Amino acid sequence: MDEYLKDFDVPGKHPSEAALKRWRDAVSLVRNRRRRFRHVADLEKRSVNQKRLCKIKEDLRVTFLAMRAAVRFMNAHQPRDVNVSEFSKNPDKLASIVRNYDIKTFQALNGAEGIAKAINVSIKEGIKSSDLSTRQEIYGINKYTEKPSKSFLMFIWDALHDLTLIILIVCAVVSIGVGLATEGWPDGIYDGLGILLSILLVVTVTAVSDYKQSLQFKDLDKEKKKISTHVTRDECRKKVSIYDLVVGDIVHLSIGDQVPADGIFISGYNLLIDESSLTGESDYVHIDEKKPFLLAGTKVQDGSAKMLVTAVGMKTEWGKLMETLSEEGEDETPLQVKLNGVATIIGKIGLLFAILTFLVLTVRFLVEKAMRNEFSSWSSSDALSMLDYFATAVTIIVVAVPEGLPLAVTLSLAFAMKKLMNDKALVRHLSACETMGSSTCICTDKTGTLTTNRMVVDKIWVSGEIKHVRDCEGRVLSSKVSETVSTVLLQGIFECTGSEVVKDKNGKTSILGTPTESAILQYGLDTGGDFDTVRNESKIIKMEPFNSAKKKMSVIVALPDGKTRAFCKGASEIVLGLCDKIIDGTGEIVPLYKEKTELITRVIEEFAKDALRTLCLAYMDVEGGFDCRKNIPESGYTLIAVVGIKDPLRPGVKEAVETCLAAGITVRMVTGDNINTAKAIAKECGILTEGGLAIEGPDFRTKTTEELNEIAPRIQVMARSSPTDKYDLVKHLRGTSEVVAVTGDGTNDAPALHESDIGFAMGIAGTEVAKEQADVIVMDDDFATIVKVAKWGRAVYINIQKFVQFQLTVNIVALMINFVSACITGSAPLTAVQLLWVNLIMDTLGALALATEPPNDGLMQRPPVKRTDSFITKTMWRNILGQSIYQMAVLFVLTFSGKTILNLQGENSTTVLNTFIFNTFVFCQVFNEINSRDIDKINIFRGMFSSWIFMGVMTATVVFQVIIVEFLGTFASTVPLDWKLWLLSIVIGLVSMPIAVVLKCIPVEKTAVKEQHDDKEQHDGYDRLDGSEQV
């Protein structure tokens, strides 16, 4: 089958348009295109949207360039007079200031302060929460217009677009018309009405399933759009949803943030904005007091700032842009595409059997009519017989074309994504969950992912001594240093930071910022420092915020005594390399000789071996003032202190790593920390093992491709790495056929997240830029959550295999029993109504039962399934053929010798036999559905009774089968059966279970593939039955 599926092969991420078109063209047999391709990208609509988006961006780019040019020209002119009251209650006029780059009006209103006054807000205190509703009424809400979601009736309408159902509806109507003319009311309507009622049931169940699925996706979309930002409200800084922003809010922006609304720059440092999402322009725009306009939807590439919101929602260009774009669908997953191929192949076979069945029935009918010399005379009953043959053939197509196969993938993924959301993993792209099941490698960050991200300063080297900060019970120890050292240390801590110390209305102090900076600030507060006092006494002249490329941050401040001082904080070896002096124990500045440098290096290594994250603080006095147009100095600093920060391992990380290794997944730590710190943490959590390699980023960069090919499989830790190193490692590993998952939180991690097979962004520590490039957002930043995604990914793959095994068995048996019976007896034992019910069992209900099974621990005790492996494995074919042979043998015996075996006599013996065959066939499927819960293991009952969906489907199937046989015989062509026949039907179905046990003991050829981790064998993705513990 793999040869036939070559056109149905697409990569899990960034598939080419040619590959997407190729498999669409190969799908030649579809019953209902509206439903089949509901979750498939509309390439035509996507192309139209992209052209429209490019045109809008180009128009905006030209407009903004023209406006900026006009601004430079108008800077030479005097600002015009404006009336402040014009803007206070006029949202359109207020929004036009930023949208039109109206610098003259901005200057006339006295800048940000004047605009804040015009809209009645204090830049220092922010708006009052009590004014939110009023401001929303006047200026609007920060949401853009979205298309309404589809109603349940629309899903009914989609389900009715099934071509075969439409043909059956026509057949049913004709049957009712002919029946009324020949048999009268009500006998003449039963056959046609039975088909219509069956179609109604199929359509209703299908629509309910699809509608519930759409609600799950809707919930997921809501989660995806949850973005928070920091604002100043009610005189304090707080975190709010961007959708709750109003005009007048004071928003705090930092690296990686998305600008949530149009606004005015108030203050900030080195603010670079990426406007490519809005204008397509790749060059970054520097924003300051002279160029103060910030546009919604753009990204903060570097720096930090405070912004005054002047327009929200549909008053912004971003809101208008979002409104013009319509959903064109998400790229389909590899499994969806592959199952479309399987459905196409099986559908063609089914169509052939349907045509042959109709031809055989028709030819036999005509031959028998000719033999009775009745060929020239035709009655309405003859027409009804021909119509019945046609309806049976069409219904065979309904059963034979497994429309539910690709849709079962969507159902399973939607179910998995919903469950993962409860487990703190937000899957942004369907394919990610599926691909994670095949992952062979996870490149993970250390801080916050493997560790708790609840950092505290544990040790500090200052004044030439190592000082413990806390005792064994966590209490702060007094640290005796000279007043000079203490003063400059606290200045370095409180000035060189991008975080803030804030107090709420109750006077409770809290720190807003990154965990690392929060730990250092908390140390400063614990030693008696006062953040507000230090900050109020000085003025920040220029700041260069921390980023992962520089691995440091710097700031220039004007001190109260008139001095200008630079502070620097960052990675130990980076900052130490900038220093040529040091403060000794007396507070004197002395040269930093080589011996002293070596001593400090040993201190850093000692801290790192204790699994402490190390940072250095340094300062320098700038003589003769500082020119803001110049960069902050990069040398001549005086070392203040080396700080050792403790960040404990997360609970359960060691077990999660062990689970990955047992599952054949290599875990690699990629961190910016010191190599000794990284190795200590990696050993503690089980990542760094005997024979594993720990390497530093600068060393990694020097390796040739041949050297990388040799060492890459052994790399378990990469320390002092840059985002570029992470990207290069991911790219190299993917080139060696690894399926790579990678975590990231910073703006510079975006390329690695984009390049990987599955990108994980951190929900707490991650920037919006990183989240936008990620496939999955880990809401709790926990490594164990990533392992849960891998487990669910494997569950999705296995669940779809279970469903395919079940459905193919039903297909084979239903096709063969009707075709062979038609050839030999001239009639099909299963009627159109019965086949529609069977189709419902094997399609929608089967998908619900088997495709939504939760994962079990056994899934993580086998190697990952490779991309090149056959989806329908030899193990599955063994089960399919074995069960099919048993069912066909039983049903053929019943069809041709059933009356004799069951001792059936009388006028209705044929109807009783056909009812019994139908009933037996259904119970064979019920028990085979239970068999399909595990493809290779004998114990199929594990977890069955705790799966309420599976038990619900099984119960509903049996109950409705009883109703059809006992009470709906008029419509379904059945008659009530006595208890003996009921019992026999159940027993025949039950026999399939011991047959399944026998089949699972038959060995099938397996391809052994040695894994690099522990030499486990891969054999079609399933474990061997080696011992009783696997049974």
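Note that the structure is predicted; figures quoted are calculated from it, not measured.

### Some details on the pattern of salt bridges
Here's step 1: Scanning the model with the defined rule gives 27 salt bridges in all.
Here's step 2: The salt bridge partner of K459 is D610, with a shortest N-O separation of 2.9 Å. Taken together, the residues span a long stretch of sequence, with K459 in strand β10 (residues 456-462) and D610 in the loop between α22 (594-609) and β19 (612-622) at a distance of 151 residues.
Here's step 3: If you follow the salt bridges from partner to partner, you end up with D445, K726 and D749 in one network.

### Observations concerning the UniProt feature "transmembrane region" (unreviewed entry) in the protein
Here's step 1: The UniProt entry lists residues 163-182, 188-208, 345-367, 387-416, 808-828, 884-902, 948-969 and 981-1002 under the feature "transmembrane region" (unreviewed entry), expressed in the numbering used here.
Here's step 2: Summarising residues 884-902: 100% helix, 0% strand, and an end-to-end C-alpha distance of 23 Å.
Here's step 3: End C-alpha atoms of residues 981-1002 are separated by 32 Å, and the span's content is 86% helix alongside 0% strand.

### Some points on empty space enclosed by the protein
Here's step 1: What the rule picks out here adds up to 7 cavities of 30 Å³ or more.
Here's step 2: Looking at the largest cavity, its volume works out to about 140 Å³.
Here's step 3: Forming the boundary of the largest cavity are 14 residues, of which R31, R35, D162, V202 and T206 lie nearest the centre.
Here's step 4: Contributions of two or more residues to the lining of the largest cavity are made by α11 (190-224) and α31 (832-850).
Here's step 5: It is α31 that contributes the most residues to the lining of the largest cavity, 4 residues altogether.
Here's step 6: What lines the second largest cavity is a set of 11 residues, among which G437, R794, Y797, I798 and V865 lie closest to the centre.
Here's step 7: Per-class residue counts for the lining of the second largest cavity are 6 nonpolar, 3 polar and 2 charged.

### What about the pairing of strand β15 (residues 552-558)?
Here's step 1: Most of β15 is tucked away, with 6 of its 7 residues classed as buried.
Here's step 2: Between the antiparallel neighbours strand β14 (residues 539-547) and β15 lie 4 residues, among them K551 with a positive phi of about 60°.
Here's step 3: Linkage of β15 to strand β16 (residues 564-571), two consecutive antiparallel strands, is achieved through a turn of 5 residues, within which G562 is found at a positive phi near 95°.

### Looking at the sheet that holds strand β8 (residues 425-427)
Here's step 1: Taken together, the 8 strands give an open sheet; going across it, the order is β8-β26-β25-β24-β9-β21-β23-β22, and neighbouring strands pair in mixed fashion. The open sheet has two edge strands with one neighbour each: β8 and β22 (693-696). Ignoring which end each strand starts from, the neighbouring axes of this sheet average 20° apart.
Here's step 2: The sheet contact formed by strand β21 (residues 666-670) and strand β23 (residues 715-719) spans 2 bridges and is parallel.

### With respect to the environment of R36
Here's step 1: Inspection of the secondary structure assignment puts R36 in helix α2 (residues 33-36).
Here's step 2: Those residues in contact with R36 that sit more than four places away from it in its chain are V27, L29, V30, N340, A343, V401, E403, P406 and L407.

### Notes on the nonpolar core
Here's step 1: Residues L168, M436, F760, F783, I800 and V804 are the most contacted members of the largest nonpolar core, which totals 159 residues.
Here's step 2: Of the residues forming this core, the biggest block, 22 residues, is contributed by helix α30 (residues 783-825).
Here's step 3: Non-local contacts of V804, meaning those with residues more than four positions away in its chain, are made with L339, L405, F871, I872 and M876.
Here's step 4: V121, I127, V259 and W318 belong to the second-largest nonpolar core, a separate cluster that totals 48 residues.

### Considerations on helix α32 (residues 874-902)
Here's step 1: F896 marks where α32 bends most, by close to 75°.
Here's step 2: Of the residues one or two after α32, N903 is the one with positive phi, at around 55°.

### A short note on the side chain of K569
Here's step 1: With respect to the helices and strands, K569 occurs in strand β16.
Here's step 2: Overall, K569 belongs to the buried group, its relative accessible area being 6%.
Here's step 3: At 3.0 Å, the side chain of K569 forms a polar contact with the side chain of E517.
Here's step 4: Apart from the residues lying within four places of it in its own chain, the contact partners of K569 are C496, T497, E517, I520, K552, M553, V575, C616 and L617.

### Things to note about a nonpolar patch on the surface
Here's step 1: Judged by side-chain polarity, L352, I355, L356 and L359 come together as a nonpolar surface patch covering roughly 340 Å² of accessible area.
Here's step 2: When you line up the elements, L352 lands in helix α14 (residues 334-371).
Here's step 3: We classify L352 as partly exposed; its relative accessible area is 49%.

### Looking at the packing of α31 against helix α34 (residues 948-967)
Here's step 1: Their axes nearest at 8 Å, the elements α31 and α34 cross at an angle of 165°. One element, α31, and the other, α34, form an angle in the roughly antiparallel class. Crossing hand, α31 versus α34: right-handed. Contact residues: α31 offers W837, I841, L845, L848, A849 and L850, while α34 offers I949, F950, V953, T957, F960, Q961 and I964.
Here's step 2: Across the contact of α31 with α34, the residue classes break down as 11 nonpolar, 2 polar and no charged.

### With respect to the environment of V10
Here's step 1: You can see V10 is positioned in the segment before α1 (17-26).
Here's step 2: Looking at V10, the relative accessible area reads 5%, which means it is buried.
Here's step 3: Excluding residues within four positions of it along the chain, V10 makes contact with A19, W23, P334 and V337.

Rules of the game
- Residues numbered from 1 in each chain as written.
- Predicted model: local features only at pLDDT ≥ 70, side-chain atom pairs only at ≥ 80, totals over all residues.
- Heavy atoms only, no water.
- Salt bridge = Lys/Arg side-chain N within 4 Å of Asp/Glu carboxyl O.
- Helix = DSSP H or I, 4+ residues; strand = E, 2+ residues; numbered from the N terminus.
- UniProt positions renumbered as here; feature names shortened; annotations may be inferred.
- 1 Å grid on protein atoms, 1.4 Å probe; cavity = no way out; pocket = protein on both sides within 12 Å on 5 of 7 lines; lining within 4 Å.
- Points joined across faces, edges and corners; volume = space filled by probe spheres on them.
- Nonpolar A, V, L, I, M, F, W, Y, C, P; charged D, E, K, R; others polar.
- Buried < 20%, exposed > 50% of the residue type's maximum accessible area, 1.4 Å probe, protein only.
- Pairing = 2+ DSSP bridges.
- Axes fitted to C-alpha atoms, helices over the stretch in contact; angles between N-to-C directions.
- Contact = heavy atoms within 4.5 Å.
- Core = buried A, V, L, I, M, F, W, Y, C linked by side-chain atoms within 4.5 Å.
- Bend = angle between axes of the 7 residues up to and from the residue.
- Polar contact = N/O pair within 3.5 Å; in protein donor to acceptor, adjacent residues only side chain to side chain.
- Patch = residues over 30% accessible without salt bridge, like charges linked within 9 Å, V, L, I, M, F, W, Y side chains within 5 Å.
- Areas by Shrake-Rupley, 256 points an atom, 1.4 Å probe, with all protein chains shown as cover.
- Parallel < 35°, antiparallel > 145°, perpendicular 65-115°, else oblique.
- Left-handed = near helix turned anticlockwise from the far one by under 90°.

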